[in-house]
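Fold and contact review
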Amino acid sequence: MRRALLALVAAAALVVAVGCKPILRPPGDAPLRYRDAVFTDVTKTADVPFATATVRGTGNPVTLKLDRYEPTGDSATSRPAIVWVHGGSFKYGDKTSAELVDQANEFAKKGYVNVSIDYRLSPQGCAAAAPSYECVNAIVDAKHDAQAAVRYLKANAAALKIDPNRIAVNGTSAGAITSLNVGYDATEVGSGGSNPGYDSSVRSAVALS
C-alpha cells in the first residue's frame, strides 16, 4: 500500500512536469506521417482479449479486452502504438469512452496503432477525499492491467506490425493516473496478467487530464 501511495505522489509530480513543457511540432512538409493525418479510414477490431486477471474480494477470473484502431490499408510494419486508458474514478467507464475513441481514431489516421483497454474497476472507486484502502487497490489493479496491455502489444508486435520499443500510454482522469503509474514503475507488475516473458516499460506516459 505504501508503494502504491508513493506512486500516486510520483504521478502527481509527473503531471506537473509534463504540464510545464511545451509540445514541439515535428518539422517537415505536410503531410508528414505521425504528425499529420495521412490516412482517411480507420479499421476497428473490437473486444480483443489481452489478459486474464482476478477480481479482488471474489477471486473470480475476468477476461480483459481491448479495442484496436489502426489506419486502413497501411503497409508499414514497424508502427508506434498507443495504449489508451479511460477515466471514471476507478469505478466507472470502459474502453468505449468517447474522448478516447476520438483520440484513437485521430492518431490512427496519422499512422499509429491504438488500443483502448478495459481494466478492473472497484465498486467503491476513489472519492475526492483521502484515498481509502479500496481506492489504492483499484489504482494498483488498473496499473497492472495497463501493464498487461503493454506486454500483450510486445508479445504480438510482429503480427500487429508495431515497434515494441515505441509504445506510449495515455489516458484521462483515472486513466491519466494509471498512465503515469505505468510510466513511473515498470518493475512491479503483480502476479496476474499475461505474457510474463515481456517487460512492461513504455517509451512515453502522458496524462490528458
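For the structure itself, look to the data block above.
Since the structure is predicted, the reported quantities are computational estimates derived from the model, not experimental observations.

Section: the sheet that holds strand β1 (residues 42-54)
- Sheet architecture is open: 6 strands sit in the order β1-β2-β4-β3-β5-β6, paired in mixed fashion. Only two strands of the sheet have a single neighbouring strand rather than two, namely β1 and β6 (204-207). Within the sheet, the average angular offset between the axes of one strand and its neighbour, ignoring direction, is 25 degrees.
- Direction of pairing for strand β5 (residues 162-171) relative to β6: parallel, over a ladder of 4 bridges.

Let's talk about the state of the cysteines
- Scanning all chains against the criterion turns up 1 disulfide.
- A sulfur-sulfur distance of 2.0 Å marks the disulfide that ties Cys 126 to Cys 135. The disulfide joining Cys 126 to Cys 135 has a torsion of about 100 degrees about its S-S bond and is therefore right-handed. The same class applies to Cys 126 as to Cys 135, namely buried.

What to know about the nonpolar core
- If you look at the biggest cluster of nonpolar residues, it comprises 33 residues, and the most contacted ones within it are Phe 50, Val 83, Phe 90, Ile 117 and Leu 153.
- Elements supplying a minimum of two residues to this core: β1, β2 (61-71), β3 (79-85), β4 (113-117), α3 (133-155), α4 (157-160), β5 and α5 (174-184).
- Looking at this core element by element, the count peaks at 10 residues for α3.
- For Leu 153, the residues in contact, after removing those within four places along its chain, are Ala 81, Val 83, Val 115, Leu 160, Ile 162 and Ile 167.
- Tyr 69, Ile 82, Ala 104 and Tyr 112 belong to the second largest nonpolar core, which has 7 residues in total.

Details of the pattern of salt bridges
- Applying the stated criterion across every chain yields a total of 14 salt bridges.
- Residue Lys 95 is joined to Asp 47 by a salt bridge in which the shortest nitrogen-to-oxygen separation is 2.7 Å. Linking Lys 95 in the loop between β3 and α2 (98-109) with Asp 47 in strand β1, this pair joins segments that are 48 residues apart in sequence.
- With a relative accessible area of 6%, Lys 95 lands in the buried category.
- A residue is classified by how much of its surface remains accessible, and Asp 47, at 42% relative accessible area, is partly exposed.
- Measuring nitrogen to oxygen at the nearest pair gives 2.9 Å for the salt bridge that ties Arg 56 to Asp 141. Note that Arg 56 is positioned in the loop between β1 and β2 and Asp 141 in helix α3, a separation of 85 residues in sequence.

Examining the packing of aromatic side chains
- Taken as a whole, this structure holds 3 aromatic pairs when the rule is applied.
- Judged by centre distance (5.4 Å) and plane angle (70 degrees), the rings of Phe 107 and Tyr 112 are edge-to-face.
- These aromatic residues form a ring-pair network of at least three members: Tyr 34, Trp 84, Phe 107 and Tyr 112.
- Just above the ring of Phe 107 sits the side chain of Lys 110; from NZ or CZ to the centre is 5.1 Å.

About the criteria used
- Residues numbered from 1 in each chain as written.
- Predicted model: local features only at pLDDT ≥ 70, side-chain atom pairs only at ≥ 80, totals over all residues.
- Heavy atoms only, no water.
- Pairing = 2+ DSSP bridges.
- Helix = DSSP H or I, 4+ residues; strand = E, 2+ residues; numbered from the N terminus.
- Axes fitted to C-alpha atoms, helices over the stretch in contact; angles between N-to-C directions.
- Disulfide = S-S within 2.5 Å.
- Buried < 20%, exposed > 50% of the residue type's maximum accessible area, 1.4 Å probe, protein only.
- Core = buried A, V, L, I, M, F, W, Y, C linked by side-chain atoms within 4.5 Å.
- Contact = heavy atoms within 4.5 Å.
- Salt bridge = Lys/Arg side-chain N within 4 Å of Asp/Glu carboxyl O.
- Phe/Tyr/Trp six-rings, centres within 6.5 Å; stacked < 30°, edge-to-face > 60°.
- Lys NZ or Arg CZ within 6 Å of the ring centre and 35° of its normal.

These values are about where atoms sit, not about what they do.
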